[in-house]
Amino acid sequence: GENVEQHPSTLSVQEGDSAVIKCTYSDSASNYFPWYKQELGKRPQLIIDIRSNVGEKKDQRIAVTLNKTAKHFSLHITETQPEDSAVYFCAATSWGYQKVTFGTGTKLQVIP
Amino acid sequence: DTGVSQDPRHKITKRGQNVTFRCDPISEHNRLYWYRQTLGQGPEFLTYFQNEAQLEKSRLLSDRFSAERPKGSFSTLEIQRTEQGDSAMYLCASSLGTSGGALSPPSWPKRDQYFGPGTRLLVL
């Protein structure tokens, strides 16, 4: 089955700096990679995703990149703000069924 | 609120008791998923339904766990003879897929899963 590894487990940045979270996956059949943000005590919320037919996608201060050959994908947050503080999960899934495998999460702390 | 809802939000039970959780998906979503999340971990897939059919179950879903979605709308997850290790947040999610069966890929923009608020279970 699919295995998703996520690094780092914790990340502290100063407000205004950039944050990068990296994930790797094992199953070459995976072709959809969503990212979720989970604030303390709240549900995971989809913030951005990338499909295997593109290498990069950007939405305002958030961007994701995908390297299918290396089975790597990353989340980039620029100009971080205190409200970006949360746990971020990467995930992988594939066509045909939607069993989603999540990474172990990155706790991001943005220091004002 | 037209999102995914779950009931109850919190459940405290004694070891050995049975518990049942309910999930109401977004009304037009035909796919429904159950996940378990423990502290400091990502959600772990348990099972998923397309309409009323349960299409996949994780090996995490022991024989003490059973899920149903009898009319293809709401779903229930029952845990029998609860153990302390069952303590976790149980998350439900839903998405919109095609009705052509498990192997029919849903449209790209619509396959996103939307999570409910979860049911936090504590087994004493």
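Just so it is clear, the structure is predicted and the values come from calculations on it, not from any experiment.

Asker: Pulling in residues and values, what's your account of the overall build of chain A?
Answerer: Across its full length, chain A carries zero helices and 11 strands. Ordered by position from N to C terminus, the α and β elements of chain A give β-β-β-β-β-β-β-β-β-β-β. For 112 residues, the compact-globule estimate of 2.2 N^0.38 gives 13 Å, and the C-alpha radius of gyration of chain A, at 13 Å, lies within 12% of that figure. Seen through its C-alpha atoms, chain A measures out along the principal axes to roughly 45 × 30 × 20 Å. Across the 112 residues of chain A, 46% fall into the buried class. Summarising the internal contacts of chain A: among those between residues at least 6 apart in sequence, 52% fall at separations of at least 24.

Asker: Before we move on, could you go through the pairing of strand β6 (residues 53-57) of chain B and cite the residues and values that matter?
Answerer: All names here are of chain B. Sheet topology places strand β5 (residues 44-50) next to β6; four bridges connect them, and they run antiparallel. Bridged to Gln50 within β6 is Ala53. Here β5 folds back onto β6 in antiparallel fashion, the turn holding two residues, of which Asn51 has a positive phi close to 55°.

Asker: Give me the lowdown on the state of the cysteines, citing residues and values where you can.
Answerer: Inspection of the entire model under this criterion finds two disulfides over all chains. The partner cysteine of Cys23(A) in its disulfide is Cys90(A), sulfur to sulfur 2.0 Å. Taking the torsion about the sulfur-sulfur bond, which here is approximately -100°, the covalent link between Cys23(A) and Cys90(A) counts as left-handed. Note that Cys23(A) is positioned in strand β3 (residues 19-25) and Cys90(A) in strand β9 (residues 86-94), a separation of 67 residues in sequence. Look at Cys23(A) and you get buried, because its relative accessible area is 2%. Residue classification places Cys90(A) among the buried residues on the basis of a relative accessible area of 0%. Across the disulfide from Cys23(B) sits Cys92(B); the S-S distance is 1.8 Å. Taking the sign of the S-S torsion, about -65° here, the bridge from Cys23(B) to Cys92(B) comes out left-handed. With Cys23(B) in strand β3 (residues 19-24) and Cys92(B) in strand β9 (residues 88-95), the pair connects residues that are 69 residues apart, well separated along the chain.

Asker: Explain the sheet that holds strand β8 (residues 75-79) of chain B to me, using residue names and the numbers behind them.
Answerer: All names here are of chain B. The strand order across the open sheet built from four strands is β1-β3-β8-β7, with neighbouring strands paired in antiparallel fashion. A strand with exactly one partner marks an edge of an open sheet, and here the two such strands are β1 (5-7) and β7 (65-68). Averaged over all pairs of adjacent strands, the angle between their axes in this sheet comes to 15°, without regard to strand direction.

Asker: Kindly report on the environment of His10(B), identifying the contributing residues and their values.
Answerer: Secondary-structure assignment places His10(B) in strand β2 (residues 10-13). Here the alpha-carbon distance between His10(B) and Gly118(B), two residues 108 residues apart in the chain, equals 8.4 Å.

Asker: Let's hear about the nonpolar core: which residues, and what values?
Answerer: Ranked by size, the top nonpolar core spans 23 residues in total, and within it Trp35(A), Phe73(A), Leu75(A) and Leu108(A) carry the most contacts. Taken together, the elements giving at least two residues each to this core come down to β2 (10-14), β3, β4 (32-38), β5 (45-51), β7 (62-67), β8 (72-77), β9 and β11 (106-111) of chain A. Filtering out sequence-adjacent residues up to four positions away, Leu75(A) remains in contact with Ala19(A), Val20(A), Ile21(A), Trp35(A), Ile47(A), Ile48(A), Ile62(A), Ala63(A), Val64(A) and Tyr88(A). Membership of the second largest hydrophobic core comes to 19 residues, among which are Val4(B), Val19(B), Trp34(B) and Leu121(B).

Thresholds, definitions, all that
- Residues numbered from 1 in each chain as written.
- Chains lettered and ligands numbered in written order.
- Predicted model: local features only at pLDDT ≥ 70, side-chain atom pairs only at ≥ 80, totals over all residues.
- Heavy atoms only, no water.
- Helix = DSSP H or I, 4+ residues; strand = E, 2+ residues; numbered from the N terminus.
- Rg over C-alpha atoms; globule rule 2.2 N^0.38 Å.
- Buried < 20%, exposed > 50% of the residue type's maximum accessible area, 1.4 Å probe, protein only.
- Contact = heavy atoms within 4.5 Å.
- Pairing = 2+ DSSP bridges.
- Disulfide = S-S within 2.5 Å.
- Axes fitted to C-alpha atoms, helices over the stretch in contact; angles between N-to-C directions.
- Core = buried A, V, L, I, M, F, W, Y, C linked by side-chain atoms within 4.5 Å.

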